[in-house]
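Structural overview
Given next are the chains, with one letter for each unit.
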Amino acid sequence: MSDAALWTALADPHRRAIVALLLERPRAVGEIVEACGLSQPSTSKHLKVLREAGLVRVRQDAQRRVYALDPGPIAALDAWLAPYRKLWNESLDALGRRLDETPDTTEPPAPKD
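The following refers to the structure shown. Computed from a predicted structure; not experimentally measured.

1. Considerations on the nonpolar core
If you look at the biggest cluster of nonpolar residues, it comprises 17 residues, and the most contacted ones within it are Leu-22, Leu-50, Leu-55 and Tyr-67. Residue assignment for this core shows that the elements contributing at least two residues are α1 (3-11), α2 (13-24), α3 (29-36), α4 (40-52) and β3 (64-69). Beyond its immediate sequence surroundings of up to four residues, Leu-55 is in contact with Leu-6, Ala-9, Leu-10, Leu-50, Ala-68, Leu-69, Asp-70, Pro-73 and Ile-74.

Below, the structure written as C-alpha coordinates:
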(Lines give C-alpha, C1' and ligand atoms only; values in the text may rest on other atoms or scores of the structure.)
Protein backbone atom coordinates (compact mmCIF):
# COMPACT_ATOMS: atom_id res chain seq x y z
CA MET A 1 0.00 0.00 0.00
CA SER A 2 1.49 3.34 -1.03
CA ASP A 3 0.52 6.82 0.07
CA ALA A 4 -0.37 7.59 -3.54
CA ALA A 5 -2.75 4.61 -3.65
CA LEU A 6 -4.46 5.80 -0.47
CA TRP A 7 -4.94 9.34 -1.75
CA THR A 8 -6.07 8.11 -5.16
CA ALA A 9 -8.60 5.77 -3.57
CA LEU A 10 -10.00 8.54 -1.38
CA ALA A 11 -10.09 11.10 -4.21
CA ASP A 12 -13.34 9.68 -5.54
CA PRO A 13 -16.53 10.86 -3.77
CA HIS A 14 -18.23 7.47 -4.18
CA ARG A 15 -15.33 5.73 -2.47
CA ARG A 16 -15.37 8.30 0.34
CA ALA A 17 -19.10 7.58 0.76
CA ILE A 18 -18.34 3.86 1.00
CA VAL A 19 -15.64 4.52 3.61
CA ALA A 20 -18.13 6.62 5.59
CA LEU A 21 -20.65 3.76 5.48
CA LEU A 22 -18.06 1.27 6.64
CA LEU A 23 -17.08 3.57 9.47
CA GLU A 24 -20.45 2.74 11.05
CA ARG A 25 -20.04 -1.05 10.74
CA PRO A 26 -19.00 -3.80 8.31
CA ARG A 27 -21.45 -4.23 5.44
CA ALA A 28 -22.27 -6.72 2.73
CA VAL A 29 -21.87 -5.59 -0.87
CA GLY A 30 -25.65 -5.51 -1.34
CA GLU A 31 -26.04 -3.07 1.55
CA ILE A 32 -23.34 -0.82 0.09
CA VAL A 33 -25.00 -0.92 -3.33
CA GLU A 34 -28.36 0.05 -1.83
CA ALA A 35 -26.96 2.79 0.41
CA CYS A 36 -24.83 4.40 -2.30
CA GLY A 37 -27.34 4.12 -5.12
CA LEU A 38 -24.72 2.72 -7.50
CA SER A 39 -24.93 -0.35 -9.67
CA GLN A 40 -23.44 -3.57 -8.32
CA PRO A 41 -20.61 -3.62 -10.90
CA SER A 42 -19.71 0.00 -10.18
CA THR A 43 -19.75 -0.60 -6.43
CA SER A 44 -17.56 -3.69 -6.88
CA LYS A 45 -15.02 -1.64 -8.85
CA HIS A 46 -14.89 1.00 -6.10
CA LEU A 47 -14.50 -1.70 -3.45
CA LYS A 48 -11.66 -3.24 -5.43
CA VAL A 49 -9.80 0.09 -5.48
CA LEU A 50 -10.35 0.50 -1.73
CA ARG A 51 -9.22 -3.09 -1.10
CA GLU A 52 -6.08 -2.72 -3.24
CA ALA A 53 -5.23 0.50 -1.39
CA GLY A 54 -5.52 -1.43 1.88
CA LEU A 55 -8.39 0.68 3.19
CA VAL A 56 -10.89 -2.17 3.45
CA ARG A 57 -10.82 -5.89 4.22
CA VAL A 58 -13.26 -8.44 2.89
CA ARG A 59 -14.44 -11.71 4.37
CA GLN A 60 -16.73 -14.34 2.97
CA ASP A 61 -19.94 -14.97 4.96
CA ALA A 62 -21.75 -17.85 3.22
CA GLN A 63 -22.73 -16.35 -0.16
CA ARG A 64 -22.04 -12.75 0.88
CA ARG A 65 -18.86 -10.70 0.82
CA VAL A 66 -18.69 -8.45 3.87
CA TYR A 67 -16.43 -5.39 3.81
CA ALA A 68 -14.93 -3.61 6.82
CA LEU A 69 -12.52 -0.71 7.22
CA ASP A 70 -8.91 -1.52 7.98
CA PRO A 71 -7.87 1.06 10.60
CA GLY A 72 -4.14 0.86 9.78
CA PRO A 73 -4.11 3.01 6.65
CA ILE A 74 -6.56 5.48 8.21
CA ALA A 75 -4.15 5.86 11.17
CA ALA A 76 -1.28 6.43 8.72
CA LEU A 77 -3.26 9.19 7.00
CA ASP A 78 -4.08 10.73 10.37
CA ALA A 79 -0.38 10.73 11.31
CA TRP A 80 0.50 12.36 8.00
CA LEU A 81 -2.14 15.07 8.57
CA ALA A 82 -1.07 15.80 12.18
CA PRO A 83 1.41 18.62 11.38
CA TYR A 84 -1.15 20.28 9.12
CA ARG A 85 -3.83 19.97 11.80
CA LYS A 86 -1.48 21.80 14.20
CA LEU A 87 -1.06 24.58 11.63
CA TRP A 88 -4.84 24.84 11.15
CA ASN A 89 -5.42 24.91 14.92
CA GLU A 90 -2.86 27.68 15.38
CA SER A 91 -4.48 29.70 12.58
CA LEU A 92 -7.95 29.19 14.03
CA ASP A 93 -6.71 30.17 17.49
CA ALA A 94 -5.24 33.38 16.04
CA LEU A 95 -8.52 34.09 14.27
CA GLY A 96 -10.42 33.51 17.52
CA ARG A 97 -8.15 35.94 19.38
CA ARG A 98 -8.63 38.52 16.63
CA LEU A 99 -12.41 38.14 16.76
CA ASP A 100 -12.34 38.49 20.55
CA GLU A 101 -10.52 41.82 20.13
CA THR A 102 -12.99 43.11 17.53
CA PRO A 103 -15.88 45.19 18.88
CA ASP A 104 -19.29 43.54 18.59
CA THR A 105 -21.23 45.42 15.93
CA THR A 106 -24.26 43.16 15.99
CA GLU A 107 -25.90 45.02 18.88
CA PRO A 108 -28.35 47.74 17.83
CA PRO A 109 -27.17 51.30 18.47
CA ALA A 110 -28.24 52.90 21.71
CA PRO A 111 -31.30 55.16 21.34
CA LYS A 112 -30.53 58.87 20.97
CA ASP A 113 -32.13 61.24 23.47
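Text resumes after the structure shown.
2. Overview of the side chain of Asp-12
Assignment of secondary structure puts Asp-12 in the loop between α1 and α2. It is Arg-15 that comes nearest to the buried, bridge-free Asp-12 among opposite-charge side chains, at 4.4 Å. Engagement of the side chain of Asp-12 in a polar contact is seen with the backbone nitrogen of Arg-15, the distance being 3.2 Å.

3. Examining the pairing of β3
The two faces of a sheet get side chains in turn, since along a regular strand they alternate between them. The pairing of strand β1 (residues 27-28) with β3 spans two bridges and is antiparallel. Bridge pairing in β3 places Ala-28 opposite Val-66. By the bridge criterion, six bridges tie strand β2 (residues 56-61) to β3 in an arrangement that is antiparallel. Bridge pairing in β3 links Gln-60 to Arg-65.

4. A few points about helix α5 (residues 71-101)
Residues lying three or four places apart along an α-helix face the same way, a consequence of the helix completing one turn every 3.6 residues. Counted at 1.5 Å a residue, the expected span for α5 with its 31 residues is 45 Å, and the 42 Å between its end C-alpha atoms agrees. For α5, the principal kink sits at Ala-82 and spans about 45°; a proline, Pro-83, occurs within the next four residues. Between a side-chain oxygen at the N-terminus of α5 and the backbone nitrogen of Gly-72 the separation is 3.1 Å; the capping residue is Asp-70.

5. Considerations on the pattern of salt bridges
Should the charged atoms of two oppositely charged side chains come close, the side chains can pair. Summed over the entire model, instances satisfying the criterion amount to seven salt bridges. In this structure, the salt-bridge partner of Arg-27 is Glu-31, at a minimum N-O distance of 3.9 Å. In this structure, Glu-52 and Lys-48 form a salt bridge, with 3.9 Å as the shortest nitrogen-oxygen distance. Here the residue Glu-52 and the residue Lys-48 both occupy positions in helix α4, the gap between them amounting to four residues, near one helical turn. For Glu-52, a relative accessible area of 55% translates into the label exposed. Taken together, the salt bridges that share partners define one network made up of Glu-24, Arg-25, Arg-27 and Glu-31.

6. A look at the sheet that holds β1
Read from one edge of the open sheet, three strands run β1-β3-β2, paired in antiparallel fashion. Pairing within the sheet leaves two strands with one partner each, and these edge strands are β1 and β2.

Here is what the cut-offs are and how they apply
- Residues numbered from 1 in each chain as written.
- Predicted model: local features only at pLDDT ≥ 70, side-chain atom pairs only at ≥ 80, totals over all residues.
- Heavy atoms only, no water.
- Core = buried A, V, L, I, M, F, W, Y, C linked by side-chain atoms within 4.5 Å.
- Buried < 20%, exposed > 50% of the residue type's maximum accessible area, 1.4 Å probe, protein only.
- Helix = DSSP H or I, 4+ residues; strand = E, 2+ residues; numbered from the N terminus.
- Contact = heavy atoms within 4.5 Å.
- Lys, Arg positive; Asp, Glu negative; His and termini not counted.
- Salt bridge = Lys/Arg side-chain N within 4 Å of Asp/Glu carboxyl O.
- Polar contact = N/O pair within 3.5 Å; in protein donor to acceptor, adjacent residues only side chain to side chain.
- Pairing = 2+ DSSP bridges.
- Expected span 1.5 Å × (residues − 1).
- Bend = angle between axes of the 7 residues up to and from the residue.

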